[in-house]
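Residues per chain are reported as follows:
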Amino acid sequence: LFRSEPWHQNEAFRSMEPAKQKMIEQLAASLQGKKLTEALPLLMQWKQTMQRENIQFTEEENQILTEIFSAQLSPQQKRQFEFIKNSSFHKNLNRK
């Protein structure tokens, strides 16, 4: 389903553990067609699941996650996301 998306071809993604790949694919699917206000709670729930399952991502893997998330957004939402990404929300999201 996601094979045609550029992030799916990324070497860092392809070299990830299968469990991480599956979680990223599930996240991408859940974000499709969502507004930023709808996507942020989903992203936070996903992050909590990762913490519960003790799944941690490298910096490079986090970059892929950011690309997946921002690819789902309209230009206006991307600007909003860039603002959020540079705020404490994003720092808290990436905290292990």
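Here the structure is shown first, and the text comes after it.
Residues numbered from 1 in each chain as written. Predicted model: local features only at pLDDT ≥ 70, side-chain atom pairs only at ≥ 80, totals over all residues. Heavy atoms only, no water.

As a further point, take the overall build of the protein chain. Counting its secondary structure elements, the protein chain contains seven helices and zero strands. In the protein chain, the succession of helices and strands from N to C terminus is α-α-α-α-α-α-α. By residue count, 41% of the 96 residues in the protein chain fall in the buried class. When contacts within the protein chain are restricted to residue pairs at least 6 apart in sequence, those whose partners lie at least 24 apart make up 62%. (Helix = DSSP H or I, 4+ residues; strand = E, 2+ residues; numbered from the N terminus. Buried < 20%, exposed > 50% of the residue type's maximum accessible area, 1.4 Å probe, protein only. Contact = heavy atoms within 4.5 Å.)

Attention now goes to the pattern of salt bridges. One pass over the structure, following the stated rule, counts one salt bridge. The residue Lys20 makes a salt bridge to Glu61 at a minimum N-O spacing of 3.0 Å. Separated by 41 residues along the polypeptide, Lys20 in helix 3 (residues 18-31) and Glu61 in helix 5 (residues 59-71) bring together distant segments of the chain. Glu61 carries the same exposure label as Lys20, and that label is buried. (Salt bridge = Lys/Arg side-chain N within 4 Å of Asp/Glu carboxyl O.)

Each packed pair of helices is defined by two parameters, the angle between the axes and the distance between the axes. Relative orientation of the contacting elements helix 3 and helix 4 (residues 36-52) amounts to 165 degrees, with a least axis distance of 10 Å. It follows that helix 3 is roughly antiparallel to helix 4 by the angle criterion. By crossing handedness, the relation of helix 3 to helix 4 is classed as right-handed. The residues of helix 4 that touch helix 3, namely those facing Met23, Ile24, Leu27, Ser30 and Leu31, are Ala39, Leu42, Leu43, Trp46, Thr49 and Met50. (Axes fitted to C-alpha atoms, helices over the stretch in contact; angles between N-to-C directions. Parallel < 35°, antiparallel > 145°, perpendicular 65-115°, else oblique. Left-handed = near helix turned anticlockwise from the far one by under 90°.)

So, about the nonpolar core. Nonpolar side chains in soluble globular proteins tend to be buried together. Judged by nonpolar contacts, the single largest core of 24 residues is most densely connected at Trp7, Ile24, Leu36, Trp46, Phe57, Ile64 and Phe69. Of all the secondary-structure elements, those providing two or more residues to this core are helix 2 (11-14), helix 3, helix 4, helix 5 and helix 6 (75-85). If one sorts the elements of this core by residue count, helix 4 sits on top with six residues. (Core = buried A, V, L, I, M, F, W, Y, C linked by side-chain atoms within 4.5 Å.)

Turning our eyes to something else, we now look at the packing of aromatic side chains. Within the structure shown, the criterion is met by one aromatic pair. The lysine or arginine in question, Lys20, covers the ring of Phe57, its NZ or CZ lying 5.3 Å from the ring centre. (Phe/Tyr/Trp six-rings, centres within 6.5 Å; stacked < 30°, edge-to-face > 60°. Lys NZ or Arg CZ within 6 Å of the ring centre and 35° of its normal.)

Read these as layout, nothing more, since geometry by itself doesn't imply function.
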